[in-house]
Amino acid sequence: MENVEKNQNFIVRKFVESTSNLGKSIIESVDGLGRFTRFILRFFFWVFKPPYRYKLFFEQFYFIGNKSIFIILLSGSFTGMVMAYQTYFGFKLISVDSLVGPVTALTLAKELAPVLTGLIVAGRAGAAMAAQIGTMKVTEQVDALEVMGINSIQYLAVPRIVAATVTVPMLSALFLFIGNFGSYMVGTKALMIDEAIYFQKIGEFMFLEDIWQGIIKATVFGFIIGSIGTYFGFQVTQGAQGVGKGTNMAVVWGMISVLVLDYFLTSFLIHIL
Amino acid sequence: MQFENNAVSIQNLTKTFGDHTVLKELNFDIPKGKITTILGFSGAGKSTLLKHILGLTKPTSGSIHVLGNDLSKLDEVELRGFRQNFGMLFQYAALFDSLSALENVAFPLREFSKLSKEEITERSAQLLESVGIQKISHKNLPSELSGGMRKRVGLARALALSPDIILYDEPTTGLDPITTKMVNDLIVETHEKNSNREMTSIIISHDVKATLKISDFVAFLDRGNIIEYLPAKEFANSTNELVEQFINL
Ligand SMILES: Nc1ncnc2c1ncn2[C@@H]1O[C@H](COP(=O)(O)OP(=O)(O)OP(=O)(O)O)[C@@H](O)[C@H]1O
Ligand SMILES: [Mg+2]
């Protein structure tokens, strides 16, 4: 009897605890979202203000590209190749294997290229941005900028966010190209789809809108990855541990944002394009 | 204390974070052209005070005048421009770790002066040599320099725009005795070299012995207020209980 009561108390206590924890984490996320929004607004305030530091932009442009290009080439080609295989064996059952080309091309253009590129860049460059800025924060380099009268958002965040916004669609285009090349090789050389038909069907089913959809998505992903990476860098407060945590948060939230935004962008763009 | 010429003049400064009052009705004048040190226990509010002088933090109430300018009258852009009157040496130098020693010193010149590329390089090299960094180290990254050398580079960077006020945040905390002496000598030497243009040095420190040796004036900050402020020579004779405790630690 006593045991039962004890158990009940325990359950009630756990329940209260977990709901209050939930409440706390909801408040914290709302608070965080507010701070992130303010950070974005500050970005838009500073991005249009001179001086425009082109050199910093090109450094970041090079950095993001350089960090991700090899992985993009590798994952792009294999994604295209495996797509060709999978669709081929499915489509063959209903004798539409000539459609492997357009299906792969469309999936890559609208979904796989921008989303996978976004995930890769979030994991590589987004993480690096948080680590760099976080380190500068804890070693007072950010304060040093501010003391000199240089706005740290303008100096550190603006070039990174702008560079990510420009670079991700370019990398996504590269992913698309190399993915289609992989699919073409597997489709025509290994699976023996007729080369002329392969291209003809792509021409028949694929339009410029489809490519635009991917480019617009990738641009938004680039912006959000850059913003999240730099934001978590600036959020770092204490020590090397803080830098690690910030980097981790940048990757997790960068990837989640890409996947969540992808859904909303798809439903939005389908109506517009 | 009253001075003829103030570099910094603070009246009734109060700063609260949430419900935590860090600075309380603080009045404090810092004389021009002298070395003034602010001592105090950890958490006393020294860094917060420094941030107010730099205009990085806004007071909850009270006013701050720096070089005759009321900081509250300056807008964001003017304030940023105004900071060029300051040089600051951070505790761990805070050098930009992707830039070489020379580029670190050149940084403020590139951002704010109208000098040509060659002139900037030449001036930066001069500055580095004036703090005792030899030519062979000019191209080194901060990670390739010793702690003492980093401090020297940080000082050269702080001096690049010939500031009217130079701030040192715990310049010797965490350094070995020899480097500590070197940094203290460097502070005095820098001050003397710039005395013709009345540069003001403000130091935040824990190190009582060195402070009394190198400073002209010493203030003791405790729980948000200046509780003792004397010429360095008289500071050791303070009758304030907390100050006595701090000195004899
Ligand atoms: N941005 C802030 N938000 C909230 N509290 C703050 C903030 N900055 C400082 N404080 C609080 O103000 C108090 C004084 O801090 P401050 O950094 O000025 O002390 P300090 O004298 O420089 O100490 P130390 O010698 O350890 O550097 C501390 O209790 C600190 O927690
Ligand atoms: Mg401090």
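Nothing here was measured: the structure is a model prediction, and the numbers come from that model. (Residues numbered from 1 in each chain as written. Chains lettered and ligands numbered in written order. Predicted model: local features only at pLDDT ≥ 70, side-chain atom pairs only at ≥ 80, totals over all residues. Heavy atoms only, no water.)

Asks: Help me out: how do you make sense of helix H4 (residues 117–130) of chain B in this one?
Replies: An α-helical turn contains 3.6 residues, so a residue and the one three or four places further along point in the same direction. Residue and element names in this part refer to chain B. An ideal rise of 1.5 Å per residue puts 20 Å on 14 residues; H4 measures up with 20 Å between its terminal C-alpha atoms. Check the buried side of H4 and you find it contacts helix H3 (101–112) and helix H5 (147–159). Trailing H4 by a residue or two, Gly 132 shows a phi angle of about 85°, which is positive. (Helix = DSSP H or I, 4+ residues; strand = E, 2+ residues; numbered from the N terminus. Expected span 1.5 Å × (residues − 1). Contact = heavy atoms within 4.5 Å.)

Asks: Help me understand empty space enclosed by the protein, please; the structure alone is not making it clear to me.
Replies: What the rule picks out here adds up to three cavities of 30 Å³ or more. Around the largest cavity sit 16 residues that line it, and A:Met148, B:Phe86, B:Gly87, B:Arg157 and B:Ala158 are the ones nearest its centre. Of the residues contributing to the lining of the largest cavity, the split by class is 12 nonpolar, two polar and two charged. In this structure, the second largest cavity spans a volume of roughly 50 Å³. Looking at the second largest cavity, the residues that line it are B:Pro171, B:Thr172, B:Asn184, B:Ile187, B:Ile203, B:Ser205, B:Asp207, B:Ala210, B:Thr211 and B:Ile214. Among the secondary structure elements, those contributing two or more residues to the lining of the second largest cavity are helix H6 (177–193), strand E8 (200–205) and helix H7 (208–214) of chain B. Of the residues forming the lining of the second largest cavity, the biggest block, three residues, is contributed by H7(B). (1 Å grid on protein atoms, 1.4 Å probe; cavity = no way out; pocket = protein on both sides within 12 Å on 5 of 7 lines; lining within 4 Å. Points joined across faces, edges and corners; volume = space filled by probe spheres on them. Nonpolar A, V, L, I, M, F, W, Y, C, P; charged D, E, K, R; others polar.)

Asks: Where do I start with the sheet that holds strand E1 (residues 6–17) of chain B in this structure?
Replies: Paired through their backbone hydrogen bonds, the strands of a sheet run either parallel or antiparallel. All names here are of chain B. On the basis of which strands lie adjacent, the open sheet formed by four strands has the order E2-E1-E4-E5 and antiparallel pairing. Every interior strand has two partners, whereas the edge strands, strand E2 (20–31) and strand E5 (69–70), have only one. Relative to E2, E1 runs antiparallel, the two sharing eight bridges. Bridging from a neighbouring strand, Ile 10 pairs with Phe 28 of E2. Along the sheet, helix H1 (residues 46–53) makes contact with E1, E2 and strand E4 (61–66), crossing E1 at roughly 120°. (Pairing = 2+ DSSP bridges. Axes fitted to C-alpha atoms, helices over the stretch in contact; angles between N-to-C directions.)

Asks: Is there a simple way to think about the interface of chain A and chain B in this case?
Replies: One widely used convention gives an interface's size as the accessible area the parts lose upon coming together. Residue-level contacts link 17 residues of chain A with 20 residues of chain B. Carbon and sulfur atoms make up 61% of the surface buried where chain A meets chain B, a total of about 1,600 Å² over both sides. Linking chain A with chain B are two salt bridges. Close ionic contact of B:Glu111 with A:Arg53 constitutes a salt bridge, the shortest N to O distance being 2.7 Å. The tally of links between chain A and chain B comes to five residue pairs in polar contact (both at pLDDT 80 or more). By residue number, the principal contributor to the side of chain A that touches chain B is helix H4 (residues 141–147) of chain A, which donates six residues. (Buried area = accessible area lost by both parts, 1.4 Å probe. Salt bridge = Lys/Arg side-chain N within 4 Å of Asp/Glu carboxyl O. Polar contact = N/O pair within 3.5 Å; in protein donor to acceptor, adjacent residues only side chain to side chain.)

Asks: How should I be thinking about the packing of helix H3 (residues 100–138) of chain A against helix H8 (residues 239–272) of chain A in this particular structure?
Replies: The angle between the axes and the distance between the axes are what describe a pair of packed helices. All names here are of chain A. The N-to-C vectors of H3 and H8 enclose an angle of 155°; their axes lie 8 Å apart at closest approach. The orientation of H3 with respect to H8, classified from their angle, is roughly antiparallel. Helix-helix and strand crossings are classified by hand; for H3 and H8 the assignment is right-handed. In the contact of H3 with H8, the residues fall into 13 nonpolar, 10 polar and two charged. (Parallel < 35°, antiparallel > 145°, perpendicular 65-115°, else oblique. Left-handed = near helix turned anticlockwise from the far one by under 90°.)

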